[in-house]
Amino acid sequence: MPRTVIAPLRPADSEEAVHVFFDAVHNGTSGVYTAEQRTAWAGTVPDTEGWRHRLDGVDGFSARIEGKLVGFMTLDDNGYIDLAFVRADCARQGVGAELYRAIEEHARISGIQTLTTEASLAAQPFFERMGWHVVAGQRVVKRGVELTNYRMTKALP
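Computed from a predicted model, the values in this text were never measured in an experiment.

Draft legend 1. Quick peek at the pattern of salt bridges. Summed over the entire model, instances satisfying the criterion amount to nine salt bridges. Here Asp 13 and Arg 10 are joined by a salt bridge, their closest N and O atoms 2.8 Å apart. Of the charged contacts, one joins Arg 54 and Asp 82 as a salt bridge, the two residues approaching to 2.8 Å between their closest N and O atoms. With a gap of 28 residues between them, Arg 54 in the loop between helix H3 (48–51) and strand S2 (60–65) and Asp 82 in the loop between strand S4 (80–81) and strand S5 (84–86) connect regions that are remote in the sequence. Exposure remark for Arg 54: the relative accessible area of 30% places this residue in the partly exposed category. A relative accessible area of 38% places Asp 82 in the partly exposed class. Among the charged side chains, a salt-bridge network with shared partners connects Arg 10, Asp 13, Glu 16 and Arg 64.

Next comes the structure, spelled out in structure tokens:
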């Protein structure tokens, strides 16, 4: 597999990021969410207009392979990971782990002591492998459709 390049996420990455998000939801979570749930979460087509400014003022990292955005992860000042997505065809190849290591290092440098997220059914095992713990399962409603996810946390040493 070609080398993955991790770099700071930029607002200019939004157009590619929406396609990664759409692919990750529709193709990467198909084993755990129904088609109706995936459509409620990500829509029927990538929402490029809605994502035009989605990454403005957002801290995080991008993963590129041969110049193409294949994943991204964000972190806010409170240690919350809001977005964590990898293209389905790059899943389980270490891209998410590389992004996560960059996020965790950034958090430590920033003095963040605890990380939190709301992980999908597909992402929850990944976060557990990274040393996270489930705080609680929860049901969220997107466009009138219920989805299950997990509030998770990790204390940083």
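Draft legend 2. Spotlight on the sheet that holds strand S1 (residues 4–8). Read across the sheet, four strands follow the order S1-S2-S3-S5 without closing on themselves; strand pairing throughout is antiparallel. At either end of the open sheet lies a strand with only one pairing partner, and these are S1 and S5. Strand-to-strand, the axes of this sheet are offset by a mean angle of 20 degrees, without reference to chain direction. As judged from the three bridges shared by strand S3 (residues 68–74) and S5, these two strands associate in the antiparallel manner. Pairing of Met 73 across the sheet is with Ala 84, part of S5. Packed onto the sheet, helix H4 (residues 95–109) meets S1, S2, S3 and S5 and runs at close to 150 degrees relative to S2.

Criteria and cut-off values
Residues numbered from 1 in each chain as written. Predicted model: local features only at pLDDT ≥ 70, side-chain atom pairs only at ≥ 80, totals over all residues. Heavy atoms only, no water. Salt bridge = Lys/Arg side-chain N within 4 Å of Asp/Glu carboxyl O. Helix = DSSP H or I, 4+ residues; strand = E, 2+ residues; numbered from the N terminus. Buried < 20%, exposed > 50% of the residue type's maximum accessible area, 1.4 Å probe, protein only. Pairing = 2+ DSSP bridges. Axes fitted to C-alpha atoms, helices over the stretch in contact; angles between N-to-C directions. Contact = heavy atoms within 4.5 Å.

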